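Here's the letter readout for the chains.
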Amino acid sequence: MENTYLKQQYEKFEKLYPNEKEYLQSIHDVLNSIDDIIEFHPEYETFNVVERLLEPERVISFKVTWIDDEKNVRVNRGYRVQHSSLIGPYKGGLRFHPSVNQSVLKFLAFDQTLKNSLTNLPMGGGKGGSDFNPKGKSDFEIMTFCHAFMRELFHHLGEDVDVPAGDIGVGQREIGYLYGYYKKITNQVTSSMTGKDSLIGGSLVRREATGYGLAYFVEALLGKIKNTTFKDKKVIISGSGNVALHAALKVRELGGKVIAMSDSSGFIHDEEGLDIDMIKTIKQENRERIKRYLDHYENAQYKDESSNIWTLKADIALPCATQNELDETAAKHLVDNGIMLVGEGANMPTTSKGKAVFKKHDILFAPCKAANAGGVLVSGFEIAQSAQFNSWSFDTINEKLKAMMETIFNDIHQTAKKYDKDTDLQFGVNVYSFQKLVQAMLEQGIV
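Source: prediction; values computed, not measured. Positions within a chain are numbered from 1, following the residues in the order the chain's sequence is written. Given that the model is predicted, a residue must reach a pLDDT of at least 70 before its local features are reported, and side-chain atom pairs must reach 80 or more before they are shown or counted; all residues, however, enter totals for whole chains, interfaces and linings. The basis for every side-chain value is the complete set of non-hydrogen atoms in the structure, without hydrogens or water.

Check the secondary structure of the protein chain and you find 16 helices and 12 strands. Both definitions apply: the radius of gyration is a C-alpha atom measure, and the globule rule equals 2.2 Å times residues to the power 0.38. For 447 residues, the compact-globule formula gives about 22 Å, and the C-alpha radius of gyration of the protein chain, at 21 Å, lands near that figure. C-alpha extents for the protein chain along the principal axes are approximately 65 × 60 × 45 Å. Burial status across the protein chain gives 55% buried among its 447 residues. Residues are treated as being in contact if the distance between any of their heavy atoms lies within 4.5 Å. Taking all contacts inside the protein chain whose residues are at least 6 apart in sequence as the whole, residues at least 24 apart take part in 71%. Strands are runs of DSSP state E lasting at least two residues, helices are runs of H or I lasting at least four, and both sets are numbered from the N terminus onward. Each residue is placed in one exposure class: buried if its accessible area under a 1.4 Å probe, protein chains only, is under 20% of its type's maximum, exposed if it is over 50%, and partly exposed if it falls in between.

Structural data, given as structure tokens:
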């Protein structure tokens, strides 16, 4: 970045948070985009909007004490980052994973703030979670932990204050335990948490939403910029969790061929296309390693190192596992193998150097803030249904999701074109969301 004001702000945050590399990476990504337009907006510096937007409104951390099946007393750390309420109540997921720390959650909350502004729904941004690892835990241990976690967090939640949802390690089961305990200790049945089972006020399509939304966004991009579709395209998808599986199912429905998927142990590959229904059975129903796919399809190949999935030849890559999984080396492999498009299903799965490789070689890039916004869109639909005391059909929600993902693409594409950066959607999403939040900030004065 060249602008003096932006440089000063970034250097200030580097000094304040020198160990929060994920948070700094996310900030740097946005400021680099704003650098191209700041000369047209002297009010940004006059009202110091950058520092005001980058700094979270509130960071909450707490101890979570619980008892495991062997009656051992266990302690974990819990967090909630309430980044911005400029547009509405804080909205964003809860993540249970050993990698959770304040830096990861601050980056996720900042990105969530920008992402939520794209939806045109009244939602601010937040993120939370714990370093608790649900893998290998019994249902009773997970329930016990969720109850202990909610005992500390409930003070800061509410449908008009902060509305969490799920994320990595927090699915419908965990949301159910969290929501049930929230109701018990607050004596309130409200839309204070999304991602619930439809039997207890959740929305249909919520489980599918992020993966479906990713496919809808990429399909819109292909149509508008390349005048093509998913049909007959070879696709590699990292991960095999909720986002990856439903992206794969929708890609198949749209005519694409998913040739590789992974989990943390390795990846499977079949040039003739994978049986996504079988992978869903292995991963979601049986909760087994993806390697078990070979028990059913002997012609498929399995490799132990999951990161090598990016060395395969394909048309489209959809990173759907975790942050910074697609680095410079992986990006070069994809470019050398003729990739035409990369669509981010996970949060910040591509490193800064990886993005630079794609930009240098004019590879179409669908950034996560826009491409994986489907989950929070349907969470917004869940809140709307609760407010109406209503339940929409699967088809109705799916149609709304598709239409709004196409709208998000059009909004950021038009922003990029406005500044003569037609195919730079990374620029488009950062500038569009930033300017929208700044406008909301200036409308409310110094608060």
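What follows is about the environment of alanine 317. Mapped onto the fold, alanine 317 is located in strand 10 (residues 316-319). We classify alanine 317 as buried; its relative accessible area is 0%. With 82 residues separating them in the primary sequence, alanine 317 and valine 235 have C-alpha atoms 5.7 Å apart. When sequence neighbours within four positions are dropped, the list of residues in contact with alanine 317 reads Ile236, Trp310, Leu334, Ile339, Leu341, Val342 and Gly343.

Once that is clear, we can look at the sheet that holds strand 3 (residues 90-96). Any two strands between which DSSP finds at least two bridges are classified as paired. Read from one edge to the other, the open sheet built from 5 strands follows the order 1-2-4-3-5, with strand pairing classed as mixed. Since the sheet does not close on itself, it has two edges, and those belong to strand 1 (58-67) and strand 5 (162-165), each with one partner. The mean angle between the axes of side-by-side strands here comes to 20°, regardless of whether they run parallel or antiparallel. Where strand 3 meets strand 4 (residues 125-130), 3 bridges bridge the pair, whose relative direction is parallel. Interaxial angle, 0 to 180 degrees, is taken between N-to-C directions of lines fitted to C-alpha atoms, where a helix line uses only the stretch in contact.

Ordered in space as 9-8-7-6-10-11-12, the 7 strands form an open sheet in which the pairing is mixed. This sheet does not close on itself; its edge strands, each paired only once, are strand 9 (301-303) and strand 12 (364-366). Going from strand to strand, the sheet's axes swing by 15° on average, the running direction of each strand aside. Here 2 bridges tie strand 10 to strand 11 (residues 341-343), and the two strands are oriented parallel to one another. From the neighbouring strand, isoleucine 316 faces strand 11, where its bridge partner is leucine 341. This element, helix 9 (residues 242-253), spans strand 6 (234-238), strand 7 (257-263) and strand 10 of the sheet and lies at about 175° to strand 7.

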